[in-house]
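Examination of the molecular architecture
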Amino acid sequence: MRRPATRTTVMAGLMGALLLVLKETLAVLPGEPVTPLILLYTLEFPAATPWAIGVFVVLQFVLYGFGLWSWMYLYIWFLLFFLVRGLRKMDSAVGWAVVSAAYGLAFGALCTPVYLVTMGPLAAFTWWVAGLPTDLIHCAGNFVITLVVYRPLRRALHAIRVRL
């Protein structure tokens, strides 16, 4: 009876580590692979994905230390998990590319609660507006990356899930 739990644990560790490795190695690209991967992980491995996000977040803390951004990482990727779970019946590469793009565009706004609590409304608003150019790049990059990788990675992850 322990095999499914063991597999989920191992998968979560591997998935979280892959998130970190791809985020760091593909950092030069506009957008990032984290949003599309969490999206695909959620669709194919919903039980392991929250744990994979936890592994990814802890590894980010180990790599970069702690700061205001750390608080954002404690909720931002879990919000994406719940969003995807809510939309899980959709099977459209374009649809998921739009979701991924919207999440990239909203990323700065979703991070502002930390600044709102720690520095006040003006600082939160200023931080969000200053980050809009980055959010626009994030939006476009996420759209393209998700559109390109959705079908092949979904098939590959599905094949892995079926074999487990």
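Scroll up to find the structure.
Below: a short report on this structure.

Cut-offs applied
Residues numbered from 1 in each chain as written. Predicted model: local features only at pLDDT ≥ 70, side-chain atom pairs only at ≥ 80, totals over all residues. Heavy atoms only, no water. Disulfide = S-S within 2.5 Å. Patch = residues over 30% accessible without salt bridge, like charges linked within 9 Å, V, L, I, M, F, W, Y side chains within 5 Å. Areas by Shrake-Rupley, 256 points an atom, 1.4 Å probe, with all protein chains shown as cover. Salt bridge = Lys/Arg side-chain N within 4 Å of Asp/Glu carboxyl O. Helix = DSSP H or I, 4+ residues; strand = E, 2+ residues; numbered from the N terminus. Buried < 20%, exposed > 50% of the residue type's maximum accessible area, 1.4 Å probe, protein only. Core = buried A, V, L, I, M, F, W, Y, C linked by side-chain atoms within 4.5 Å. Contact = heavy atoms within 4.5 Å. 1 Å grid on protein atoms, 1.4 Å probe; cavity = no way out; pocket = protein on both sides within 12 Å on 5 of 7 lines; lining within 4 Å. Points joined across faces, edges and corners; volume = space filled by probe spheres on them. Nonpolar A, V, L, I, M, F, W, Y, C, P; charged D, E, K, R; others polar.

This model, assessed by the stated rule, comprises zero disulfides. Of the cysteine sulfurs around Cys111, a residue in no disulfide, the closest is that of Cys139, at 15 Å.

So, about a nonpolar patch on the surface. Residues Val94, Val98, Val144, Leu147 and Val148 make up a contiguous nonpolar surface patch of roughly 420 Å² in combined accessible area. Taken together, the elements giving at least two residues each to the nonpolar patch come down to helix 6 (93-119) and helix 8 (132-163). The leading source of residues in the nonpolar patch is helix 8, at three residues. Tracing the chain through its elements places Val144 in helix 8.

With that settled, the discussion passes to helix 2 (residues 34-44). Of all eleven residues making up helix 2, eleven are buried, and the element is well covered by its neighbours. All of the buried residues in helix 2 are Val34, Thr35, Pro36, Leu37, Ile38, Leu39, Leu40, Tyr41, Thr42, Leu43 and Glu44.

Turning to the nonpolar core, a few remarks are in order. Counting residues in hydrophobic clusters, the biggest one holds 37 residues, and the most contacted among them are Phe56 and Trp77. Among the secondary structure elements, those contributing two or more residues to this core are helix 1 (3-25), helix 2, helix 3 (49-64), helix 4 (68-73), helix 5 (76-86), helix 6 and helix 8. With eight residues, helix 6 is the largest single contributor of residues to this core. Excluding its chain neighbours within four sequence positions, the residues that come into contact with Phe56 are Gly16, Leu19, Leu20, Lys23, Val34, Tyr73 and Trp77.

This brings us to the pattern of salt bridges. Under the criterion given, the structure shown has five salt bridges. Here Glu44 ties to Arg161 by a salt bridge, and the two come within 2.8 Å at their closest N and O atoms. Here Glu44 is found in helix 2, whereas its partner Arg161 is found in helix 8, with 117 residues between them in sequence. Several salt bridges converge on common partners, so that one network encompasses Glu44, Asp91, Arg151, Arg154 and Arg161.

This part is about the layout of surface pockets. Each pocket or cavity is described by its volume, and for the largest pocket that value is around 360 Å³. Lining the largest pocket are 21 residues; nearest its centre among them are Glu32, Phe107, Thr134, Asp135 and His138. Listed by contribution, the elements that provide at least two residues to the lining of the largest pocket are helix 6, helix 7 (121-130) and helix 8. Looking at the lining of the largest pocket, the element that brings in the most residues is helix 8, giving four residues. As a volume, the second largest pocket reaches approximately 150 Å³. If you go around the second largest pocket, the residues you meet are Met11, Leu14, Met15, Leu18, Leu22, Leu37, Tyr41, Phe45, Leu153, Leu157 and Ile160. Broken down by element, the residue count for the lining of the second largest pocket peaks at five residues, all from helix 1. Classifying every residue of the lining of the second largest pocket gives eleven nonpolar, no polar and no charged.

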